[in-house]
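Structural description and commentary
Listed here are the chains, written in short residue letters.
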Amino acid sequence: LELLNHFFGIVVIPDAFYHELFKFPNQHQVIDAQNWLFVQKAADRNLVKKLETELDVGEAEAIALALEQNADYLVIDEFEGRAKAEEVGLKIVGTIGTLLEAKKKGLLPQIKPLMEELIQKAKFRIHPGFYQQVLKIAGE
(Lines give C-alpha, C1' and ligand atoms only; values in the text may rest on other atoms or scores of the structure.)
Protein backbone atom coordinates (compact mmCIF):
# COMPACT_ATOMS: atom_id res chain seq x y z
CA LEU A 1 0.00 0.00 0.00
CA GLU A 2 2.80 2.39 0.79
CA LEU A 3 4.02 2.12 -2.80
CA LEU A 4 0.65 3.31 -4.06
CA ASN A 5 0.91 6.34 -1.81
CA HIS A 6 4.49 6.99 -2.92
CA PHE A 7 3.69 6.86 -6.64
CA PHE A 8 0.16 8.24 -6.74
CA GLY A 9 -0.41 10.30 -3.58
CA ILE A 10 -4.13 10.26 -2.83
CA VAL A 11 -5.69 6.94 -3.85
CA VAL A 12 -9.42 6.31 -4.26
CA ILE A 13 -10.66 2.74 -4.32
CA PRO A 14 -14.13 1.65 -5.36
CA ASP A 15 -16.58 0.59 -2.68
CA ALA A 16 -17.04 -2.78 -4.42
CA PHE A 17 -13.30 -3.54 -4.21
CA TYR A 18 -13.22 -2.51 -0.56
CA HIS A 19 -15.97 -5.02 0.19
CA GLU A 20 -14.09 -7.75 -1.70
CA LEU A 21 -11.30 -7.27 0.85
CA PHE A 22 -13.55 -8.66 3.58
CA LYS A 23 -12.60 -12.11 2.22
CA PHE A 24 -9.12 -11.51 3.64
CA PRO A 25 -8.79 -11.17 7.42
CA ASN A 26 -8.10 -7.61 8.64
CA GLN A 27 -7.45 -6.14 5.17
CA HIS A 28 -10.30 -3.64 5.38
CA GLN A 29 -8.85 -2.43 8.69
CA VAL A 30 -5.50 -1.83 6.99
CA ILE A 31 -7.29 0.26 4.34
CA ASP A 32 -9.25 2.17 6.97
CA ALA A 33 -6.03 3.12 8.79
CA GLN A 34 -4.57 5.03 5.81
CA ASN A 35 -5.16 8.80 5.70
CA TRP A 36 -4.38 8.95 1.95
CA LEU A 37 -6.65 6.10 0.86
CA PHE A 38 -10.35 6.75 0.36
CA VAL A 39 -13.25 4.44 -0.43
CA GLN A 40 -15.87 5.82 -2.78
CA LYS A 41 -18.82 4.43 -4.70
CA ALA A 42 -19.09 5.32 -8.37
CA ALA A 43 -21.97 7.73 -8.88
CA ASP A 44 -22.85 6.60 -12.41
CA ARG A 45 -24.64 3.36 -11.52
CA ASN A 46 -25.85 2.96 -15.11
CA LEU A 47 -22.27 2.85 -16.36
CA VAL A 48 -21.35 0.38 -13.63
CA LYS A 49 -24.26 -1.88 -14.63
CA LYS A 50 -23.28 -1.62 -18.30
CA LEU A 51 -19.66 -2.51 -17.52
CA GLU A 52 -20.82 -5.41 -15.32
CA THR A 53 -22.11 -7.15 -18.44
CA GLU A 54 -18.44 -7.73 -19.34
CA LEU A 55 -16.53 -7.37 -16.04
CA ASP A 56 -16.91 -8.19 -12.38
CA VAL A 57 -18.41 -5.53 -10.13
CA GLY A 58 -15.05 -4.41 -8.67
CA GLU A 59 -13.52 -3.77 -12.07
CA ALA A 60 -16.72 -2.16 -13.39
CA GLU A 61 -16.90 0.24 -10.48
CA ALA A 62 -13.15 0.96 -10.65
CA ILE A 63 -13.41 2.00 -14.30
CA ALA A 64 -16.53 4.10 -13.71
CA LEU A 65 -14.94 5.78 -10.68
CA ALA A 66 -11.68 6.47 -12.54
CA LEU A 67 -13.64 8.13 -15.33
CA GLU A 68 -15.66 10.22 -12.85
CA GLN A 69 -12.54 11.27 -10.96
CA ASN A 70 -10.57 11.96 -14.16
CA ALA A 71 -7.90 9.76 -12.57
CA ASP A 72 -4.29 9.99 -13.67
CA TYR A 73 -4.04 6.18 -13.56
CA LEU A 74 -6.19 3.16 -12.85
CA VAL A 75 -4.43 0.33 -11.04
CA ILE A 76 -5.97 -2.81 -12.50
CA ASP A 77 -4.65 -6.31 -13.14
CA GLU A 78 -7.35 -8.42 -14.79
CA PHE A 79 -6.90 -8.71 -18.54
CA GLU A 80 -10.52 -7.92 -19.46
CA GLY A 81 -10.62 -4.96 -17.10
CA ARG A 82 -7.35 -3.58 -18.47
CA ALA A 83 -8.62 -3.90 -22.03
CA LYS A 84 -11.89 -2.13 -21.23
CA ALA A 85 -10.10 0.62 -19.28
CA GLU A 86 -7.79 1.31 -22.22
CA GLU A 87 -10.77 1.20 -24.58
CA VAL A 88 -12.44 4.05 -22.67
CA GLY A 89 -9.21 6.07 -22.59
CA LEU A 90 -7.87 5.42 -19.10
CA LYS A 91 -4.15 5.12 -18.41
CA ILE A 92 -3.50 1.90 -16.56
CA VAL A 93 -0.82 0.38 -14.40
CA GLY A 94 -0.76 -3.02 -12.74
CA THR A 95 0.52 -4.40 -9.50
CA ILE A 96 3.57 -6.00 -11.10
CA GLY A 97 4.41 -2.79 -12.98
CA THR A 98 4.22 -0.89 -9.71
CA LEU A 99 6.58 -3.38 -8.06
CA LEU A 100 9.04 -3.13 -10.95
CA GLU A 101 9.01 0.65 -10.79
CA ALA A 102 9.57 0.54 -7.04
CA LYS A 103 12.55 -1.80 -7.47
CA LYS A 104 13.96 0.45 -10.21
CA LYS A 105 13.72 3.47 -7.89
CA GLY A 106 15.38 1.60 -5.02
CA LEU A 107 12.26 1.42 -2.87
CA LEU A 108 12.33 -2.38 -2.79
CA PRO A 109 15.38 -4.62 -2.55
CA GLN A 110 13.58 -7.54 -4.24
CA ILE A 111 10.20 -8.15 -5.81
CA LYS A 112 10.26 -11.95 -5.99
CA PRO A 113 9.20 -12.39 -2.33
CA LEU A 114 6.33 -9.94 -2.86
CA MET A 115 5.18 -11.70 -6.02
CA GLU A 116 5.28 -15.02 -4.16
CA GLU A 117 3.21 -13.54 -1.36
CA LEU A 118 0.67 -12.21 -3.86
CA ILE A 119 0.42 -15.64 -5.48
CA GLN A 120 0.15 -17.57 -2.21
CA LYS A 121 -1.94 -15.30 -0.01
CA ALA A 122 -4.00 -13.25 -2.47
CA LYS A 123 -4.33 -15.97 -5.13
CA PHE A 124 -2.84 -13.53 -7.65
CA ARG A 125 -2.55 -15.25 -11.02
CA ILE A 126 0.53 -14.67 -13.12
CA HIS A 127 1.60 -16.61 -16.20
CA PRO A 128 4.87 -18.51 -15.51
CA GLY A 129 6.54 -16.98 -18.58
CA PHE A 130 5.57 -13.48 -17.47
CA TYR A 131 6.77 -14.27 -13.95
CA GLN A 132 10.21 -15.20 -15.32
CA GLN A 133 10.27 -12.12 -17.57
CA VAL A 134 9.52 -9.86 -14.60
CA LEU A 135 12.32 -11.42 -12.57
CA LYS A 136 14.71 -10.96 -15.48
CA ILE A 137 13.73 -7.28 -15.83
CA ALA A 138 14.15 -6.86 -12.05
CA GLY A 139 17.58 -8.52 -12.17
CA GLU A 140 16.54 -11.26 -9.79
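Refer to the structure above for everything that follows.
The structure reproduced in this document is the subject of the present report.

Let's shift gears to a nonpolar patch on the surface. A cluster of nonpolar side chains, Ile10, Val12 and Phe38, forms an exposed patch at the surface whose accessible area comes to about 260 Å². Looking at the element boundaries, Ile10 is found in the loop between helix 1 (2–8) and strand 1 (11–14). Take Ile10: its relative accessible area is 57%, and that puts it in the exposed class.

Here we take up the packing of helix 7 (residues 95–104) against helix 8 (residues 112–121). Where helix 7 meets helix 8, the axes come as close as 11 Å, and the angle between the chain directions of the two elements is 160°. Viewed along their axes, helix 7 and helix 8 adopt a mutual orientation that is roughly antiparallel. Crossing angle aside, the handedness with which helix 7 passes helix 8 is right-handed. Side by side, helix 7 and helix 8 meet where Thr95, Ile96 and Leu99 of the first sit next to Leu114, Met115 and Leu118 of the second. Taken together, the residues that form the contact of helix 7 with helix 8 break down as 5 nonpolar, 1 polar and no charged.

We now examine the pattern of salt bridges. Tallying each qualifying case throughout the model produces 8 salt bridges. Residue Glu61 pairs with Arg45 through a salt bridge whose shortest N-O separation is 3.1 Å. With Glu61 in helix 5 (residues 57–69) and Arg45 in helix 4 (residues 45–51), this residue pair connects regions lying 16 residues apart in the sequence. Of the residues examined, Glu61 reaches a relative accessible area of 2% and is grouped as buried. A relative accessible area of 30% means that Arg45 is categorised as partly exposed. When the shortest N-O distance is used, the salt bridge between Lys103 and Glu140 registers 3.0 Å.

Conventions and cut-offs
Residues numbered from 1 in each chain as written. Predicted model: local features only at pLDDT ≥ 70, side-chain atom pairs only at ≥ 80, totals over all residues. Heavy atoms only, no water. Patch = residues over 30% accessible without salt bridge, like charges linked within 9 Å, V, L, I, M, F, W, Y side chains within 5 Å. Areas by Shrake-Rupley, 256 points an atom, 1.4 Å probe, with all protein chains shown as cover. Salt bridge = Lys/Arg side-chain N within 4 Å of Asp/Glu carboxyl O. Helix = DSSP H or I, 4+ residues; strand = E, 2+ residues; numbered from the N terminus. Buried < 20%, exposed > 50% of the residue type's maximum accessible area, 1.4 Å probe, protein only. Axes fitted to C-alpha atoms, helices over the stretch in contact; angles between N-to-C directions. Parallel < 35°, antiparallel > 145°, perpendicular 65-115°, else oblique. Left-handed = near helix turned anticlockwise from the far one by under 90°. Contact = heavy atoms within 4.5 Å. Nonpolar A, V, L, I, M, F, W, Y, C, P; charged D, E, K, R; others polar.

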